[in-house]
There are 2 protein chains.
Amino acid sequence: MRALVTGGAGFIGSHLVDELINAGYEVNVIDNLSSGDMALINHHMQNEKFSFINGDLTLIDDIMHATKDIDVVFHMAANPDIRLGTQITDTDLKQGTIATYNILESMRVNGVNKIVFASSSVVYGEDAPMPTPENHGPCLPISLYGASKLGSEGLITSWVGTFGFQAWIFRFANIIGERGTHGVIFDFIHKLKRDSSRLEVLGNGLQEKSYMEVKDCVRAMMHIFTNTKEPVNLFNLGSHDTCSVRRIAEIVVDETGYHDAAIEYTGGDRGWAGDIPKAMLSIEKMLSTGYDVNYNSEAAVRHTTKCLIEEIGL
Amino acid sequence: MRALVTGGAGFIGSHLVDELINAGYEVNVIDNLSSGDMALINHHMQNEKFSFINGDLTLIDDIMHATKDIDVVFHMAANPDIRLGTQITDTDLKQGTIATYNILESMRVNGVNKIVFASSSVVYGEDAPMPTPENHGPCLPISLYGASKLGSEGLITSWVGTFGFQAWIFRFANIIGERGTHGVIFDFIHKLKRDSSRLEVLGNGLQEKSYMEVKDCVRAMMHIFTNTKEPVNLFNLGSHDTCSVRRIAEIVVDETGYHDAAIEYTGGDRGWAGDIPKAMLSIEKMLSTGYDVNYNSEAAVRHTTKCLIEEIGL
C-alpha cells in the first residue's frame, strides 16, 4: 500500500508517518512546511519507502502531481491555529475547505478513491451534550476552523456519494504529545520560560476538555482504517475523561519546577471568541472496534508536559 | 428594515422579494442572472423601495458594496442544478461555499450581522430516518450541492460564534411552484412538449420526496425570521407528506392532456449519482412556531404543474 500523507511533517501527521512506515506502507508526504518541520520526518529521509514533496495544497497542480499512483490519502494538513480565524478570516477557508476540494478533485482525476480525514470535535459547537456521540446534530461550529472541518467532511461524503469514494473521518479531541507545536501546554511552557514568576491563563481556567495522547490517536486511526469497511466510516477519537485548564496549569508549573509562579486568570468562560469551554467526546464507537487508549486526559497532559519541556528547554 | 436578497431574481428569491415588499421592507436584490431572470422582479422596478444590482457573489468587491447600509441579508443565491456537480466539480464550491464566505465577510466589514440562509434537506444525506428532524446527525451529504450547503451552514454558525452574528438557517424540502426554472415537473413538461408520445423518467419512479409550495416556503421563512430570536435558528421547511416521481409523472401527463404519453422508466433507485431517492423532513419544529402550510405535497405538485404549463406553454 502506498499512502500520501498531507501535512505529514506536522505534529499529528509525522506521528502517523511513523506508524505507517512501521506497518510496512510506502509513504509520500506533502507539506508546505508552514507549521510542519523537516526535523519531525528527517529520520525517514534515507528510507527508500519514504519520499517528501514540498507542496502547497491550495495549488491544485501541486496536489495533482502528488496523488498519482497512490492507494490512500491521509489528509492531515490544516492551519493548526484555531484562534487565527478571529483575526484573518480566509485562512481556514483556503487551507481547510478549498485544500480538501483540491485533494478530492485530484484523487478523482487520478483514480484514487480512499481518503482518511483528520476532522475535529469542534464541528459539534458548544451546546452539544457531553460526552458527545457521533450522531449528535445539528453541528453548529463556532470557530472558522470548525467551519472548515465541517465543510471538508461534507465535501468528502459528497465524493463518496457521487464518485464512489470510501472515507474514514475522525473527529479528534484535543490531541497532545511529543512534537507538539501549539496548544495550551506548549503556550504555558513558553510563558513560564519567558517569565517564571507568573503564568497567565486565558479565561477563568474552568474550561474542561478531553485530551488524547498523539500516539493513541494515530494508532486508533490505523486500527479503525484497517478494520472498518463502510463507504463512510465516521469516528470520534478521544480519551475516557477530561482535564481542566486550571489543572493543566498546575501540572505545567509542577513539571517545570517553577513552583513560585503565580497562576493568573484573565477571566471569562473561554480563552477567545470561538473557543469551546467544555468538550468531551463519546468514544463508545471507537471502543467497539476493539481499540482503547493508553492515557487518560490527565496522564496525557503530564506526559506531554514532560516531552515538551525536554523539546523546548527551560 | 432594509433587506438584501442574494439570488433575488431567481425562483424562490423572487417570491421572497414579493413577500418582503408586502411586509414593508426596503429590498435590494443582487443577482448575476445566471439562472435568475429580470422578468421575475420587473414588477418591482418602479417601486422606490426596491433596487437591483447585477453582481457576482464570487467577487468580493461586488458583494462588499451591496452589503452597505443593510439590516439583514437573505442569502438565497446558489447554483440551482444539483446534477451539475456530477460533471463540473467546482461550481458548488465557488457559487455555494465561497460565495457564502464572501457574503459573511462583507457583512462583518460593513457591520451587518443578521443572515437568513436557504439551506437544503440534502445536507442530511441518504440514510437519515424519515421524517428527518433537525437534530439528526451526522450529516453526510451525497451531492456536491449538499456539501456546499453544509459548508455554508458551518461558515454561518462560525460567524455567529466568533463575530456575534445572528442566523436563521432553513433546510428546504423540494420547493416547487410558479416561476420554477428547474426540477422534475419543469423537466417533465419540457419533455412532453418536445415529444408528447412518451415521457422518460430518470430512475424507477419510486423516488419519493416531500414537496413544499414556494409561497408556503417564503411565508414560513418570514414567520420564523420574525418570531424566533436565538443566535442560531435552524428549521426544516417542508410539507406534511411525500409524493412519488411516478405520481408526479401521472399528474403532469394528466394536466398537460397528453393522455397517450407512455411513461418510461430508465430504472435504478435514483435519477443520478448524488440524487437522494427518498426524503421527508420533520416539520414539527416549524409547526411549533404557529406556521402551517396551505398545500400538501400532491396538491403542491398539481398546482405547480398548472402554473408551469401556463408559463412554459404547450
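Predicted, not measured: the structure shown is a model, and the values here were computed from it.

Turning our attention to the overall build of chain A. Secondary structure assignment for chain A yields nine helices and 14 strands. For chain A, whose C-alpha radius of gyration is 19 Å, the value lies close to the compact-globule estimate of 20 Å for 314 residues. On the principal axes, the C-alpha backbone points of chain A span a range of 60 × 45 × 40 Å. Considering chain A as a whole, with its 314 residues, one finds that 53% of them fall into the buried category. Residue pairs at least 24 apart in sequence account for 81% of intrachain contacts in chain A once pairs closer than 6 positions are excluded.

With 16 residues, helix H9 (residues 297-312) of chain B extends 22 Å between its outermost C-alpha atoms, agreeing within 8% with the 22 Å of an ideal straight helix rising 1.5 Å per residue. Elements that come into contact with the buried residues of H9(B) comprise strand S7 (174-176), helix H5 (184-194), strand S10 (211-213), strand S12 (243-244) and helix H7 (245-256) of chain B.

Overlay of chain A on chain B (RMSD 0.0 Å): rotation 180 degrees, translation along the axis 0.0 Å. Taken together, the rotation and translation relating the two chain copies correspond to the operation of a two-fold axis. By residue overlap, the copies meet face to face through one surface: 100% of the interface positions of chain A are interface positions in chain B.

With 33 residues of chain A in contact, the opposing surface of chain B contributes 33 residues. For the side of chain A that touches chain B, the secondary structure elements donating two or more residues are helix H3 (91-110), helix H4 (144-163) and strand S11 (232-237) of chain A. In terms of residues, the side of chain A that touches chain B owes the most to one element, H4(A), which gives eleven residues. Here the side of chain A that touches chain B is composed, by residue class, of 14 nonpolar, 17 polar and two charged.

Within the largest apolar cluster, 194 residues are counted, with the highest numbers of intra-cluster contacts made by A:Cys217 and B:Cys217. In contact with B:Cys217, other than residues within four places in its own chain, are B:Ile12, B:Phe172, B:Ile175, B:Met212 and B:Leu237.

The next point concerns the pairing of strand S5 (residues 114-120) of chain A. Residue and element names in this part refer to chain A. Among the seven residues of S5, six are classified as buried, and the element is accordingly described as predominantly covered. Examined bridge by bridge, strand S4 (residues 72-75) and S5 share three bridges and lie parallel to one another. Bridge pairing links His75 to Phe117 in S5. Since S4 and S5 lie parallel, the crossover through H3 that links them has a hand, and here it is right-handed. Pairing analysis gives seven bridges linking S5 to strand S6 (residues 166-172), with the strands arranged parallel. Residue Ile115 lies in a different strand from S6, and its bridge partner there is Ala167. Regarding the hand of the β-α-β motif, the stretch spanning S5, H4 and S6 is right-handed.

A few words now on the sheet that holds strand S5 (residues 114-120) of chain B. Backbone hydrogen bonds hold the strands of a sheet together, and the pairing may be parallel or antiparallel. Residues and elements named next belong to chain B. Strand order in the open sheet formed by seven strands is S3-S2-S1-S4-S5-S6-S11, with parallel pairing between adjacent strands. Of all the strands in the sheet, the pair left with one neighbour each is strand S3 (50-54) and strand S11 (232-237). When the angles between neighbouring strand axes are averaged without regard to direction, this sheet yields 15 degrees. Along the sheet, helix H3 (residues 91-110) contacts strand S1 (2-6), strand S4 (72-75) and S5; its crossing angle with S4, the most-contacted strand, is approximately 180 degrees.

Scoring rules and cut-offs
Residue indices follow the written sequence of each chain, beginning from 1 at its first position. Each chain takes a letter, starting from A, and each ligand takes a number, starting from 1, following the order in which they are written. It should be noted that, the model being predicted, local features are given only for residues of pLDDT at least 70 and side-chain atom pairs only at 80 or more, the latter also being counted only at that level, while totals for whole chains, interfaces and linings use all residues. A run of H or I in DSSP becomes a helix once it reaches four residues, and a run of E becomes a strand once it reaches two; helices and strands are each numbered from the N terminus. Throughout, radius of gyration means the C-alpha value; the globule benchmark is 2.2 Å times the number of residues raised to the power 0.38. To sort residues by burial, count the other C-beta atoms lying within 10 Å of each one's C-beta; a count of 20 or more means buried, 12 or fewer means exposed, and anything in between means partly exposed. C-beta atoms are built from the backbone. For every residue pair, C-beta atoms are placed from the backbone, and the pair is scored as a contact if these atoms sit within 7 Å. An expected span of 1.5 Å times one less than the residue number is assigned to each helix. Copy-to-copy superposition: least squares on the C-alpha atoms, limited to residues that have pLDDT of at least 70 in both copies. Residue polarity is assigned by list, with Asp, Glu, Lys and Arg as charged and Ala, Val, Leu, Ile, Met, Phe, Trp, Tyr, Cys and Pro as nonpolar; anything else, Gly included, falls into the polar class. We define a nonpolar core as a collection of buried residues of the types Ala, Val, Leu, Ile, Met, Phe, Trp, Tyr and Cys that are connected via C-beta atoms lying within 7 Å of each other. Strand pairing is assigned whenever DSSP detects at least two bridges linking the two strands. Whether a crossover is right-handed comes down to one check: with the strands pointing away from the viewer, does the path from the first strand over the helix to the second run clockwise; if it does, it is right-handed. Here an axis means a line fitted to C-alpha atoms, over the contact stretch when the element is a helix, while the angle between two N-to-C directions is reported on a 0 to 180 degree scale.

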